[in-house]
Amino acid sequence: MCLSLAVLAQPLAAQPPLLAEYDPGSRTWSLSNGHIEAEFRLTRNNLLRLQTLGRPGGKQWVANARPAGSPIYLKIDELVLDQDTAWALQNTRTEAATRGGVRHVIQLRNEDAKAEVTLRLEIHPGQPFLRTSYTYRNLDQTRRFVEEARFLNLRLNPERHPIKAFYVDQVRQGTSLMFQTHERCLAQQPDGTVSVRGGAY
């Protein structure tokens, strides 16, 4: 399970240094590379929240945990593990990632759900996005089924600006690959639900 959250930024001549720090006093994980910065925190109530997300000196999508969001969302049988789940921190470390990146590895446990989640938060030089992924381990002897997984349960448009959806259909019918484009304004469907999916094959 992996999410790449892209935020556009202007390229810089010199790459700012990477920052990946953990403050055990506030149980806060920070990441920054001059293009994007983020903070994740395990609150006093043991809730894992995205505290801040934004462009240094620019747009802030999340400030002071508003809007509330978490990098973990799992539906296991009828049980949901999300931003309102209390977690016990088992272990955390910072390690090198590929291509000069750096990664936080955070191991969390919920005894009531018999669940262990290992979260990875990764940042690379010169790239205006974070990479997050997590793995789930069943600590129970009972067989469990993961019915749903999300990567960042967050409303990124609190100002209610118009948003356009753009997607492409690809068709091959005995000819070269043909494309059909679709574009529509989501503001014209205020009560509709928007699902975002990405991938390649």
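For the structure, check the block above.
These figures come from a predicted structure and were not determined experimentally. (Residues numbered from 1 in each chain as written. Predicted model: local features only at pLDDT ≥ 70, side-chain atom pairs only at ≥ 80, totals over all residues. Heavy atoms only, no water.)

Engineer: Could you clarify how one ought to interpret the overall build of the protein in this entry?
Structural biologist: Of the regular secondary structure elements, the protein holds zero helices and 15 strands. Across the 201 residues that make up the protein, the buried fraction comes to 32%. Here the analysis covers contacts within the protein between residues at least 6 apart in sequence; of these, 43% occur between residues at least 24 apart. If you sum the accessible surface of the protein, you get close to 12,700 Å²; carbon and sulfur atoms cover 48% of it. (Helix = DSSP H or I, 4+ residues; strand = E, 2+ residues; numbered from the N terminus. Buried < 20%, exposed > 50% of the residue type's maximum accessible area, 1.4 Å probe, protein only. Contact = heavy atoms within 4.5 Å. Areas by Shrake-Rupley, 256 points an atom, 1.4 Å probe, with all protein chains shown as cover.)

Engineer: Explain the nonpolar core here, please?
Structural biologist: Soluble, globular proteins show a tendency: their nonpolar side chains are buried together. Ranked by internal contacts, the top residues of the largest apolar core, which has 27 residues, are Leu48, Leu53, Trp87 and Leu130. Within the residue set of this core, elements represented by two or more residues are strand E3 (28-32), strand E4 (37-42), strand E5 (48-54), strand E6 (60-62), strand E7 (73-76), strand E10 (102-110), strand E11 (115-123) and strand E12 (129-138). A per-element tally of this core places E11 first, with five residues. Beyond its immediate stretch of four places on either side in the chain, Leu48 contacts Trp29, Arg41, Leu42, Gly69, Ser70, Pro71, Ile72, Gln83, Thr85, Trp87, Leu108 and Leu119. (Core = buried A, V, L, I, M, F, W, Y, C linked by side-chain atoms within 4.5 Å.)

Engineer: Explain the sheet that holds E7 to me, please; I cannot follow it from the model alone.
Structural biologist: Pairing between the strands of a sheet is mediated by backbone hydrogen bonds and can be parallel or antiparallel. Taken in spatial order, the three strands line up as E8-E7-E13 in an open sheet, and their pairing is antiparallel. Both outer strands of the open sheet, strand E8 (79-81) and strand E13 (146-150), are each paired with one neighbouring strand and no more. Taking each pair of neighbouring strands and ignoring which way they run, the sheet shows an average axis angle of 10 degrees. (Pairing = 2+ DSSP bridges. Axes fitted to C-alpha atoms, helices over the stretch in contact; angles between N-to-C directions.)

Engineer: In this structure, what is going on with unusual backbone geometry? I would like to understand it.
Structural biologist: Leaving glycine out, the prevailing phi sign among residues is negative, and the prevailing peptide bond configuration is trans. A positive phi angle, near 50 degrees, is found at Arg27, a position not held by glycine. On the basis of relative accessibility, which here comes to 21%, the residue Arg27 falls in the partly exposed class. Its identity as a non-glycine residue notwithstanding, Arg99 has a phi of 55 degrees, on the positive side. Position of Arg99 among the secondary structure elements: in the loop between strand E9 (88-96) and E10.

Engineer: Teacher, can you tell me more about the packing of aromatic side chains here?
Structural biologist: Each aromatic ring pair is described using two quantities: the centre-to-centre distance and the angle formed by the ring planes. Under the counting rule described, the total for this entry stands at one aromatic pair. Just above the ring of Tyr73 sits the side chain of Arg150; from NZ or CZ to the centre is 4.0 Å. (Phe/Tyr/Trp six-rings, centres within 6.5 Å; stacked < 30°, edge-to-face > 60°. Lys NZ or Arg CZ within 6 Å of the ring centre and 35° of its normal.)

Engineer: Honestly, the pattern of salt bridges in this entry has me stumped. Any pointers?
Structural biologist: Side chains carrying opposite charge are able to pair once their charged atoms draw close together. The final tally for this structure, using the stated rule, is 10 salt bridges. Taking the shortest distance from any N to any O, the salt bridge between Arg103 and Glu95 comes out at 2.5 Å. Under the relative-accessibility criterion, Arg103 is labelled buried at 15%. Of the charged contacts, one joins Arg109 and Glu116 as a salt bridge, the two residues approaching to 2.4 Å between their closest N and O atoms. Using a relative accessible area of 5% as the deciding quantity, one classes Glu116 as buried. Within this structure, Arg93, Glu95, Arg103 and Glu122 form a network of salt bridges that share partners. (Salt bridge = Lys/Arg side-chain N within 4 Å of Asp/Glu carboxyl O.)

Engineer: Just checking my understanding: could you explain the side chain of Arg49 for this structure?
Structural biologist: Mapping Arg49 onto the fold places it in strand E5. Its relative accessible area of 13% is what places Arg49 among the buried residues. Within the structure, the side chain of Arg49 is placed 3.2 Å from the side chain of Asp84, a separation counted as a polar contact. Filtering out sequence-adjacent residues up to four positions away, Arg49 remains in contact with Glu39, Phe40, Arg41, Thr43, Ala68, Gly69, Gln83 and Asp84. (Polar contact = N/O pair within 3.5 Å; in protein donor to acceptor, adjacent residues only side chain to side chain.)

Engineer: Even after reading the chapter, I still don't get the sheet that holds E6, so can you show me in this structure?
Structural biologist: The sheet built from five strands is open, its strands ordered E2-E3-E4-E5-E6 with antiparallel pairing. Each of the sheet's edge strands pairs with one partner strand only, and the pair in question is strand E2 (19-23) and E6. Across the sheet, the axes of successive neighbouring strands diverge by a mean angle of 10 degrees, strand direction being ignored. Here five bridges tie E2 to E3, and the two strands are oriented antiparallel to one another. Across the sheet, the residue bridging to Tyr22 is Trp29, located in E3.

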